[in-house]
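Read off the chains here:
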Amino acid sequence: MASTSLPGGTWTLGDLTVTRFGYGAMQLAGPWVMGPPADHDGALAVLREAVELGITHIDTADAYGPHVTNRLIREALHPYPESLHIVTKVGANRDAQGGWPPARDPESLRRAVHENLEHLGLDALDLVNLRLGNAEGPQPGSVAEAFGTLVELQRQGLIRHLGVSNATPEQVAEAQTIAPIVCVQNMYNLAHRHDDELIDALAAQGIAYVPFFPLGGFSPLQSSALSSVAARLAATPMSVALAWLLRRSPNILLIPGTSSTTHLRENLAGAGLSLSDDDHAELDKIGR
Ligand SMILES: NC(=O)c1ccc[n+]([C@@H]2O[C@H](COP(=O)([O-])OP(=O)(O)OC[C@H]3O[C@@H](n4cnc5c(N)ncnc54)[C@H](OP(=O)(O)O)[C@@H]3O)[C@@H](O)[C@H]2O)c1
């Protein structure tokens, strides 16, 4: 396994070694993830800084912009270092109002995979997550047809590894009856703990859990317990939230988003914060 001095060390997704501290590119698009960034060069600088700092896992989707973040990633980083792994997702489009309508029929999924390949400038995608549910969260229903379509594209050599996102535990289990998955990407953070059991079950199987909105997403985490632990440790609440996630389970990989190199550096440094058992227990109560 490759060595890294980044907080949390590394994790293996299938045959791909990534730093547990990754980067989520969604915030690089314009407001509400629509259109280009206000500061194009600033967005390129964040991506380059992430790689220079040693991050080897970038999370993206062609729906961001749409097509904006993938093109920024290509412009900033192509040809990609061998160690860098870009994880994308398919299964949702954008509408004129900025909504995220599902697009999980076989034709839409095939088109999305080809568009990701084109916009990222790749011959094969390292890891594709099938995004399920809707903006309200996971919704029940069979994943067989949609996941089967991605398995077909994997067999054609266009995708190396598969995962699911915004999924119920039942959908995770159903996908696993069709083909192996290497990760689940669901909403989870200090205050939003619906997936506690799923995280532990995936850890026992050696499958990564990648929380989206690790810092609370569009409404950053706010809690008096978080602020008081952060004050006691002379750290920022964001650092404490990330350090808590890294300690929560070894299969948790971080993809915090930011459009700022200052926040990126701050988050990376802060995630290495060491939490005592008492700190961890106090933080643990927030979402319970
Ligand atoms: N699978 C899915 O359905 C799904 C859904 C949503 C997101 N995602 C993925 O998950 C990633 C993470 O989610 P996210 O970016 O939406 O939310 P997040 O990581 O929870 O939070 C990002 C927000 O926190 C702010 N922030 C970051 N560091 C900060 C700091 N040190 N101090 C103050 N504010 C800070 C950012 O603002 P600044 O830009 O000002 O730093 C941004 O507004 C996304 O990038 C995307 O790749 C996946």
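Before reading further, recall that the structure is shown in the block above.
Attention here is on the structure that accompanies the text. (Residues numbered from 1 in each chain as written. Predicted model: local features only at pLDDT ≥ 70, side-chain atom pairs only at ≥ 80, totals over all residues. Heavy atoms only, no water.)

**Let's talk about the site of the ligand**
Near the ligand you find 25 residues, and of these Asp59, Leu215, Thr258, Ser259 and His263 are the closest. Between the ligand and Phe213 there is a distance of 3.5 Å, counted from an oxygen atom to a backbone nitrogen or oxygen. Taking Pro214, its main chain carries an N or O atom lying 3.2 Å from an oxygen atom of the ligand. For the ligand, the protein covers 87% of the area, taking 900 Å² as the surface of the free molecule. Among the elements that make up the shell around the ligand, the one with the highest residue count is helix α9 (residues 261–271) (three residues). Of the residues in the shell around the ligand, the class split is 10 nonpolar, 11 polar and four charged. (Near = heavy atom within 4 Å. Polar contact = N/O pair within 3.5 Å; in protein donor to acceptor, adjacent residues only side chain to side chain. Areas by Shrake-Rupley, 256 points an atom, 1.4 Å probe, with all protein chains shown as cover. Helix = DSSP H or I, 4+ residues; strand = E, 2+ residues; numbered from the N terminus. Nonpolar A, V, L, I, M, F, W, Y, C, P; charged D, E, K, R; others polar.)

**Here's the deal with the nonpolar core**
With 77 residues, the main nonpolar core has Tyr23, Leu47, Ile73, Val113, Phe147, Leu150 and Val164 as its most contacted residues. A total of seven residues in this core trace back to one element, the largest contributor, which is helix α8 (residues 237–248). What Phe147 contacts, discounting residues up to four positions off in sequence, is Leu130, Leu162, Gly163, Val164, Ala175, Ile178, Ala179 and Ile181. Counting residues in hydrophobic clusters, the runner-up holds 11 residues, among them Val87, Cys183, Leu253 and Ile255. (Core = buried A, V, L, I, M, F, W, Y, C linked by side-chain atoms within 4.5 Å. Buried < 20%, exposed > 50% of the residue type's maximum accessible area, 1.4 Å probe, protein only. Contact = heavy atoms within 4.5 Å.)

**Brief notes about the sheet that holds strand β3 (residues 23–24)**
The strand order β3-β4-β5-β6-β7-β8-β9 describes an open sheet built from seven strands, whose pairing is parallel. Edge positions in the open sheet fall to β3 and β9 (208–209), since each of these has one partner strand only. As judged from the three bridges shared by strand β7 (residues 159–165) and strand β8 (residues 183–185), these two strands associate in the parallel manner. The residue of β8 that forms the bridge with Val164 is Val184. Contacts from helix α3 (residues 106–120) reach β5 (85–90), β6 (125–131) and β7 within the one sheet, and its direction differs from that of β5 by about 150 degrees. (Pairing = 2+ DSSP bridges. Axes fitted to C-alpha atoms, helices over the stretch in contact; angles between N-to-C directions.)

**Description of the pairing of β5**
Among the six residues in β5, six count as buried, and that is most of the element. Every second residue of β5 is oriented toward a common face, with His85, Val87 and Lys89 on one face and Ile86, Thr88 and Val90 on the other, all of them buried. Direction of pairing for strand β4 (residues 57–59) relative to β5: parallel, over a ladder of three bridges. Residue pairing across strands places Ile58 opposite Ile86, the latter belonging to β5. A crossover connection joins β4 to the parallel β5 through helix α2 (residues 68–77); in handedness this β-α-β unit is right-handed. Two strands pair when backbone bridges link them, and β5 and β6 are joined in this way by four bridges, in the parallel orientation. When the bridges of β6 are listed, Val87 appears paired with Leu127. Traced from β5 through α3 to β6, the parallel crossover comes out right-handed. (Right-handed = clockwise from strand over helix to strand, strands pointing away.)

So far we have only geometry, and geometry alone does not tell us how the molecule works.
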